[in-house]
Amino acid sequence: MAKNSMQTFVGVGQAYPEKRAAEIRAEDFAEITRIYLAQKAEEQASRCSQCGVPYCSTHCPLHNHIPDWLRLTAEGRLREAYELSASTSTMPEICGRICPQDRLCEGNCVIEFSGHGAVTIGSIEKFITDTAWKEGWVEPVTPTRDRSDQSVGIIGAGPAGLTAAEYLRGHGYDVHVYDRHDRAGGLLVYGIPGFKLEKEVVTRRIERLRASGIHFHLSFEVGRDATLAQLRERHDALLVATGVYKARAIKAPGVGSPGVVKALDYLIASNRKSFGDAVPAWDDGSLNAEGKHVVVVGGGDTAMDCVRTAVRQGAKSVKCLYRRDRANMPGSQREVANAEEEGVEFVWLSAPKAFDGAEAITGVHAAKMRLGAPDASGRRAPEPDPGSDFHLEADLVIQALGFDPEDLPQMFGAPELSVTRWGTLRIDHKTMQTSLPGVFAAGDIVRGASLVVWGVRDGRDVSERMHAWLKDKAKAAKAQPQTVAA
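Conventions used here
- Residues numbered from 1 in each chain as written.
- Predicted model: local features only at pLDDT ≥ 70, side-chain atom pairs only at ≥ 80, totals over all residues.
- Heavy atoms only, no water.
- Helix = DSSP H or I, 4+ residues; strand = E, 2+ residues; numbered from the N terminus.
- Buried < 20%, exposed > 50% of the residue type's maximum accessible area, 1.4 Å probe, protein only.
- Contact = heavy atoms within 4.5 Å.
- Areas by Shrake-Rupley, 256 points an atom, 1.4 Å probe, with all protein chains shown as cover.
- Lys, Arg positive; Asp, Glu negative; His and termini not counted.
- Charge placed at Lys NZ, Arg CZ, Asp CG, Glu CD.
- Core = buried A, V, L, I, M, F, W, Y, C linked by side-chain atoms within 4.5 Å.
- 1 Å grid on protein atoms, 1.4 Å probe; cavity = no way out; pocket = protein on both sides within 12 Å on 5 of 7 lines; lining within 4 Å.
- Points joined across faces, edges and corners; volume = space filled by probe spheres on them.
- Pairing = 2+ DSSP bridges.
- Axes fitted to C-alpha atoms, helices over the stretch in contact; angles between N-to-C directions.
- Parallel < 35°, antiparallel > 145°, perpendicular 65-115°, else oblique.
- Left-handed = near helix turned anticlockwise from the far one by under 90°.
- Nonpolar A, V, L, I, M, F, W, Y, C, P; charged D, E, K, R; others polar.
- Polar contact = N/O pair within 3.5 Å; in protein donor to acceptor, adjacent residues only side chain to side chain.
- Salt bridge = Lys/Arg side-chain N within 4 Å of Asp/Glu carboxyl O.

*Asks:* Requested: an account of the overall build of the protein chain, with residues and values cited.
*Replies:* Assigned secondary structure in the protein chain consists of 19 helices and 15 strands. If one aligns the C-alpha atoms of the protein chain with their principal axes, the spans along those axes are about 85 × 60 × 45 Å. Residue burial in the protein chain is summarised as follows: out of 486 residues, 56% are buried. Counting only contacts in the protein chain whose residues sit at least 6 apart along the sequence, the fraction spanning at least 24 positions is 71%. Put simply, the protein chain shows about 21200 Å² of open surface, and 51% of that area lies on carbon and sulfur atoms. Positive and negative side-chain charges in the protein chain, numbering 59 and 63 respectively, have mean positions lying 4 Å apart.

Below, the structure written as structure tokens:
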């Protein structure tokens, strides 16, 4: 066992895992960072100051026991560290890879405030669970008791749905997951590129859930293969965890021109190609950046995924057009830095006015912006800077402005399903039930487009609400007098 003491941050500097050189990593879709060696992970974990009030934990949506598993890692007690990490998170190695730690746990680390550099929490979290997989410590879910006489249907195999499925299976229910895609995982599989999250990391989680007795019904569309009402008859409770997939569109002349595409269509095509699928839109070049001048419009993490994918596909040039400045962009600053290292050019304080080209996109007519008065959220609202128009050459424009909910009442054939004015599902926040009894909702379809870690948190929370409701339903059924046939 290692003898590291804690609070070594004064003498031990911050050290993230080594990144592969930009010119090398830009040639493939493998993850860009290497895994820690055990000794380095223990050393970095020992930097934790073991705060009395751990801001890292309080700013983590899952409230992970971060200081405790850092201490266990520093002491070489990795199996215990894994078990503690897994006690609050169903996807620790995934969150370790894709969470914006600079805005959450690491951004609120006390030693970061003191100028010593935050503990590398995300990289250590990734190391702990990757080691657990390698050592065979990650096992299928073992139900606490058999409640398989009650079944649960979960619509959506993304982070919220998969998390709820895992916890509900742990309670012993017969769990069925429905998803319209041919692979489970949602945006973890089709929306996030491999250089941030290699697909084997997700698929091994899915296989573990299958081995736990969870049933997956893929390429299954609610409204086409069954209505919501039919699923309600089939199961004792339902969870809607579809996420939000409707792309926000740019309102500008020429936006419908060939070559102006949606971010998710582009990323799905690229990810499918990495699986070896036949992707005609990639093969014919319409969703392939090879040899093209690419302009991505947007400043969030999806935009960063698109620009970095375009680099790997062999684009001639890649520019990111964003209407605010760097300090006000919603995406991870680490992702921006990675993109810059790989050759992406950021055009700050700029927005498209029109797209040139009738039969095919040839360029973007844009204007400079300036930041005016703060908007309702407190961010300074961008406004056009008169007389600042400019032109960018473009063969492919990718719209990455975020996502809104689809019209689920219409899609599901359930007009009685209540939605908010934003199109998200309306729930009772105490019970997490929708307007339909026994139909729960969680994740982005309730809170709007958000982080994977919030999907995990919502899945965890809704599983407890559903468990309580199902127990009450079972008690009520037992209490009813039995009818004896004559």
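*Asks:* Which residues make up unusual backbone geometry, and what values go with them?
*Replies:* Most of the time, phi is negative for any residue but glycine, and the peptide bond is trans. We note that His63 has phi near 50 degrees; this positive angle belongs to a residue other than glycine. Summarising the element assignment, His63 is placed in the loop between α3 (55–58) and α4 (66–74). With a phi close to 65 degrees, Met432 is a non-glycine residue in the positive phi region.

*Asks:* So what's going on with the nonpolar core? Which residues, and what values?
*Replies:* Of all hydrophobic cores here, the largest spans 96 residues; its most connected members are Leu70, Ile154, Leu188, Leu239 and Phe412. Not counting residues within four places of it along the chain, the set of residues in contact with Ile154 comprises Gly161, Ala164, Ala165, Leu168, Val175, His176, Val177, Tyr178 and Leu239.

*Asks:* Let's hear about the layout of surface pockets: which residues, and what values?
*Replies:* The rolling of a water-molecule-sized probe over the atoms marks out the regions of remaining empty space. In this model, the second largest pocket occupies a volume close to 360 Å³. Ala86, Ser87, Val141, Glu166 and Arg208 are the residues nearest the centre of the second largest pocket, which is lined by 18 residues in total. Elements with a minimum of two residues in the lining of the second largest pocket: α5 (78–86), α9 (159–170) and α11 (199–211).

*Asks:* An account of the sheet that holds strand β6 (residues 260–262) is requested, with residue identities and associated values reported.
*Replies:* The five strands are arranged β6-β13-β7-β8-β9 in an open sheet whose pairing can be described as parallel. One side of each edge strand has no neighbouring strand; the edge strands of this open sheet are β6 and β9 (345–347). The average undirected angle you get between the axes of adjacent strands in this sheet is 25 degrees. Alignment of strand β8 (residues 317–321) against β9, held across three bridges, turns out to be parallel.

*Asks:* Lay out the sheet that holds strand β3 (residues 215–217) in plain terms, naming residues and giving numbers.
*Replies:* Reading across from one edge, β3-β2-β1-β4-β15 is the order of the five strands in this open sheet, with parallel pairing throughout. What marks the edges here is a single partner per strand, and that holds for β3 and β15 (439–441). Recorded for the sheet is a direction-independent mean angle of 25 degrees between the axes of neighbouring strands. The strands touched by α9 within the sheet are β1 (147–155), β2 (173–178), β3 and β4 (237–240), with β2 carrying the most contacts at an inclination of about 165 degrees.

*Asks:* How would you sum up the packing of helix α13 (residues 263–275) against helix α15 (residues 301–312)? Please name residues and give values.
*Replies:* Running from N to C, α13 and α15 point in directions that differ by 50 degrees, and their axes come no closer than 10 Å. Between α13 and α15, the interaxial angle falls into the category oblique. Classified by chirality, the crossing of α15 by α13 is left-handed. Across the interface between the two elements, Ala263, Tyr266, Leu267 and Ser270 from α13 touch Thr302, Asp305, Cys306, Thr309 and Ala310 from α15. For the contact of α13 with α15, the residue count by class is five nonpolar, three polar and one charged.

*Asks:* An account of the pairing of β8 is requested, with residue identities and associated values reported.
*Replies:* Judged by how many residues are buried, β8 sits mostly within the fold: five of five residues are covered. Burial of β8 is two-sided: the residues Ser317, Lys319 and Leu321 facing one way and the residues Val318 and Cys320 facing the other way are all buried. Here strand β7 (residues 293–297) pairs with β8 via five bridges, running parallel. Bridged to Val295 within β8 is Lys319.

*Asks:* With reference to specific residues and values, describe the side chain of Thr120.
*Replies:* Relative to the assigned elements, Thr120 resides in the loop between α7 (110–113) and α8 (121–135). Side chain to side chain, Thr120 and Tyr36 meet in a polar contact 2.8 Å long. Look past the residues within four positions of Thr120 in its chain and what remains in contact with it is Gln14, Ala15, Tyr16, Tyr36, Gln44 and Glu106.

*Asks:* For the packing of helix α2 (residues 38–45) against α4, give the residues involved together with the corresponding values.
*Replies:* Between two packed helices, the angle of one axis relative to the other and the distance separating the axes together describe the packing. One can describe the packing of α2 onto α4 by two numbers: an axis separation of 8 Å at closest approach and a directional angle of 135 degrees. The orientation of α2 relative to α4 falls into the category oblique. For the crossing formed where α2 meets α4, the hand is left-handed. Between α2, through Ala41, Glu42 and Ala45, and α4, the contact on the second element is made entirely by Leu70, Thr73 and Ala74.

*Asks:* Please provide a residue-by-residue account of the environment of Glu207, values included.
*Replies:* Mapped onto the elements, Glu207 comes out in helix α11. Once the C-alpha coordinates of Glu207 and Pro140 are considered, the two residues, 67 residues apart in sequence, prove to be 9.0 Å apart.

*Asks:* Give a detailed account of the pairing of strand β12 (residues 380–393), specifying residues and quantitative values.
*Replies:* Relative to β12, strand β11 (residues 363–374) runs antiparallel, the two being bridged by nine bridges. Within the sheet, the bridge partner assigned to Ala366 lies in β12 and is Phe390. Connecting β11 to the antiparallel partner β12 that follows it, the hairpin turn spans five residues, and Gly378 within it adopts a positive phi of roughly 100 degrees.

*Asks:* How would you summarise the pattern of salt bridges if you had to cite specific residues and measurements?
*Replies:* Enumeration according to the criterion identifies 40 salt bridges in this entry. Its salt-bridge partner being Asp182, residue Arg183 comes within 3.9 Å of it at the nearest N-O pair. What makes Asp182 partly exposed here is its relative accessible area of 34%. The residue Asp283 makes a salt bridge to Lys273 at a minimum N-O spacing of 2.8 Å. Here Asp283, found in helix α14 (residues 280–283), pairs with Lys273, found in helix α13; they are ten residues apart in sequence, far enough to count as distant. When its relative accessible area of 30% is taken as the criterion, Lys273 is described as partly exposed.

Function-wise, these values are silent; they only describe arrangement.
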